[in-house]
Amino acid sequence: MIQMKLSILRHGSGTRRTVGGVIGLVMAILTVLVSVLAPLPAVTGLLSALMAVWFVGWVMGPAGVGGGDQSLRPEYFALEPVPLRKVTLGLLASSFVGVTVPVTLVASLSLFTLAIRFGVLAALVALVAIPVQVVFFVLASRVVTALSGAALRTRIGVEVTAIQNAAVLAAGFSIYMLYQAVSQYTDVFDLLWNQGVPAPYDTVLLAVPSGWGVFAVSAAGRGDALSSLGALAALVVVSAGLLAVWTALIRKRVTSPTTTPARHGRGLTGLVQRFLPSGPVAAVVGRELRTWGQDPRRALELRTALWTGVLICALGLLVGLTFMIPLAGLITMALAALMSLNMYALDGTALWQTILTPNAERHDVRGRQIAWLLVFVPIAALVSVGGVLFTGQDWAWPWVLAIMPALIGGGAGFSVLFAVAWPAPGPEPHRHGGNPLDSGDVVGQFNVMFPVMLLTAAPPAAITAVGFFLEQPGLMWSGVAVGVLEGVLLGWGLGRVAYRRLEARGPELLNTLRWGWDASAGTGAETGADDAPGAEEKDEEWALFARVGQNLDTMSSGAGALMTVLGLTFWLPLYQGAMSLVALAVGVTERSWHLPLYLPDALRLPGALGMLLLGVLMVGVVVRLLFREPRPRRAREDGGPAERSESDDGADTLV
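The text that follows walks through the structure, step by step, so that each part is easy to find. (Residues numbered from 1 in each chain as written. Predicted model: local features only at pLDDT ≥ 70, side-chain atom pairs only at ≥ 80, totals over all residues. Heavy atoms only, no water.)

**Digging into the overall build of the protein chain**
The number of helices and strands found in the protein chain is 29 helices and 0 strands. Surface accessibility of the protein chain: about 30600 Å² in total, with carbon and sulfur atoms responsible for 69%. (Helix = DSSP H or I, 4+ residues; strand = E, 2+ residues; numbered from the N terminus. Areas by Shrake-Rupley, 256 points an atom, 1.4 Å probe, with all protein chains shown as cover.)

Printed below as a string of structure tokens:
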């Protein structure tokens, strides 16, 4: 199984592994540096907090990437004459093959560098704690992922899993709000670095299993050998228990059918369907509403977006800062678009019904858009409007009313466009086995869609901001008209592009959903699609998609890593520059974490402008990588057919 996993990695895309490896290695090195440089009174608490972050990444990360690594599934070995014990151990061994475990091992070396500061006994304990902790992380990730997949078969399981995912997202979106709340009383970074995590949180971090390795090392450093050995023994016992649970879950997946019954939706879905008119679009709307209520993967996406907005409001109330509460609906709407960009792949090869029905593509796309609006818009509107009314922050009305329509239209348009033009194929809905989370890896689509949604909100937000700072109410409220106009154009226009794409490339999309991207490459040439009447016009119409697709397909690992890093971080200098300019314009003296404001007075304005320029340059590099002239594809080394060159039709290959 290890050889199978290595073969899969050799023949897979190296860009994502390179990106993940670089980012993870940087984080691991920072973790080690904290254990080396942090003051001794604070280092134990800081390192236990960092180990908790790594643990959360291992446990929650697979849910965000389509159920984690599913290249080797237990169902594959159901008919093989291999004992279950060997299957379990083989799958466990293959779990250590890849980038994540070596990176985590580097981060865990922080236990050894911490132990060196305490003495020889602590160093010996760290040598034992490091491999045990890495094994614990891997087992915990596998067990939680398997249990989450099993929980998605029940309604309460969907809610619990959605709340867990939403809690991580809400904490990420609210980190600035939480920082502002705490910084009113103390310098957060100075407190953490010099004194460590305050009590009783440091005790909690050391009490959870992710902190037992740190506790064992620190106890050995204090000379408490009994407590140190107890922590190591407890970590071993918990890992053994996780292995037993995972073995039971593997047995169930191997011996149970790979099909699972659908969840039955009730409530508002049936009520809305009663008021739908007859016709093909209404039929698609009804089907989509039922799917959003019955498919566990769709239900999880819906509830994650909902709970994220609710938890952001709760965090704002908890820390006494309510300025984020009216904006929670905007975050919910943006998340709704991100959660829905793979809807065609979630339906699998059911697309053949649409393709074989004359003129059904337009009805299908428009019906999906309308259902998306019915599902997500009331939730986002309720969160934002309720937040404004509850907190009494009337200043938020022009911002919410301007940005919300743009996000609604952009979400309704980009979600179907991404679903048609750039799907992430996964297992058939009835064959996802014991892991309903397995829904295709959409990390790349997320990385592109996230900045796209930010740019969608930029025009109405910019006009509203200009009117606000110039104290021109008419100009500020004109942002609402701009947002509505932009939303209508994006929703209608991108929907039209999507269904025309589906009309032109429906069979290729179906083949991609059935066999994956590698098998679908070149199907247009093989089936003679390029010789069909009007093919040249269609190719010209989709030349932009063809160029982006070929660039993504032939991009080197280094270029892919650069594009991903810039795509995820370009907003940081833009935010720093914009907020610094606002602070300089209104005379705010609080520097917070806006870097240009820490410069001398004469350099603050140039620093803010430089940050804006840096953000623009980062966006320009991403655009350049996406739209540059594609390079020729190299012939295969194994003597197989040569890959297509830049002159070939690449409109059907967008990954």
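Moving on from the model shown.
**So, the pattern of salt bridges**
In the structure shown here, the tally under the stated rule is 10 salt bridges. Across the pair Glu288 and Arg298 runs a salt bridge whose closest N-O atoms are separated by 3.0 Å. Remark: Arg298 occurs in helix H15 (residues 296-319) and Glu288 occurs in helix H14 (residues 280-294); sequence separation between them is 10 residues. Classification of Glu288 by relative accessible area gives buried; the value is 1%. (Salt bridge = Lys/Arg side-chain N within 4 Å of Asp/Glu carboxyl O. Buried < 20%, exposed > 50% of the residue type's maximum accessible area, 1.4 Å probe, protein only.)

**Some thoughts on the packing of helix H4 (residues 84-95) against helix H12 (residues 225-255)**
Where H4 contacts H12, the two axes come as close as 10 Å, and the packing angle between them is 115 degrees. Judged by the inter-axis angle, H4 sits roughly perpendicular to H12. Both H4 and H12 take part in a crossing whose hand is right-handed. Contact residues: H4 offers Leu84, Val87, Thr88, Leu91 and Leu92, while H12 offers Leu243, Trp246, Thr247, Ile250, Arg251 and Val254. (Axes fitted to C-alpha atoms, helices over the stretch in contact; angles between N-to-C directions. Parallel < 35°, antiparallel > 145°, perpendicular 65-115°, else oblique. Left-handed = near helix turned anticlockwise from the far one by under 90°. Contact = heavy atoms within 4.5 Å.)

**Points about the side chain of Ser95**
Following the sequence through the fold, Ser95 ends up in helix H4. Within polar-contact distance, the side chain of Ser95 engages the backbone oxygen of Leu91 at 2.8 Å. (Polar contact = N/O pair within 3.5 Å; in protein donor to acceptor, adjacent residues only side chain to side chain.)

**Some words on the packing of helix H7 (residues 155-173) against H15**
A pair of packed helices is captured by two measures, namely the crossing angle of their axes and the spacing between those axes. Packing of H7 against H15 brings their axes to within 7 Å, and their N-to-C directions diverge by 50 degrees. Accordingly, the angle class assigned to the pair H7 and H15 is oblique. Both H7 and H15 take part in a crossing whose hand is right-handed. Counted together, Val158, Glu159, Thr161, Ala162, Ile163, Asn165, Ala166, Ala167, Leu169, Ala170, Ala171 and Phe173 of H7 and Ala299, Leu300, Arg303, Thr304, Trp307, Thr308, Leu311, Ile312 and Leu315 of H15 form the full contact between these two elements. Along the lines of polarity and charge, the residues of the contact of H7 with H15 split into 15 nonpolar, 4 polar and 2 charged. (Nonpolar A, V, L, I, M, F, W, Y, C, P; charged D, E, K, R; others polar.)

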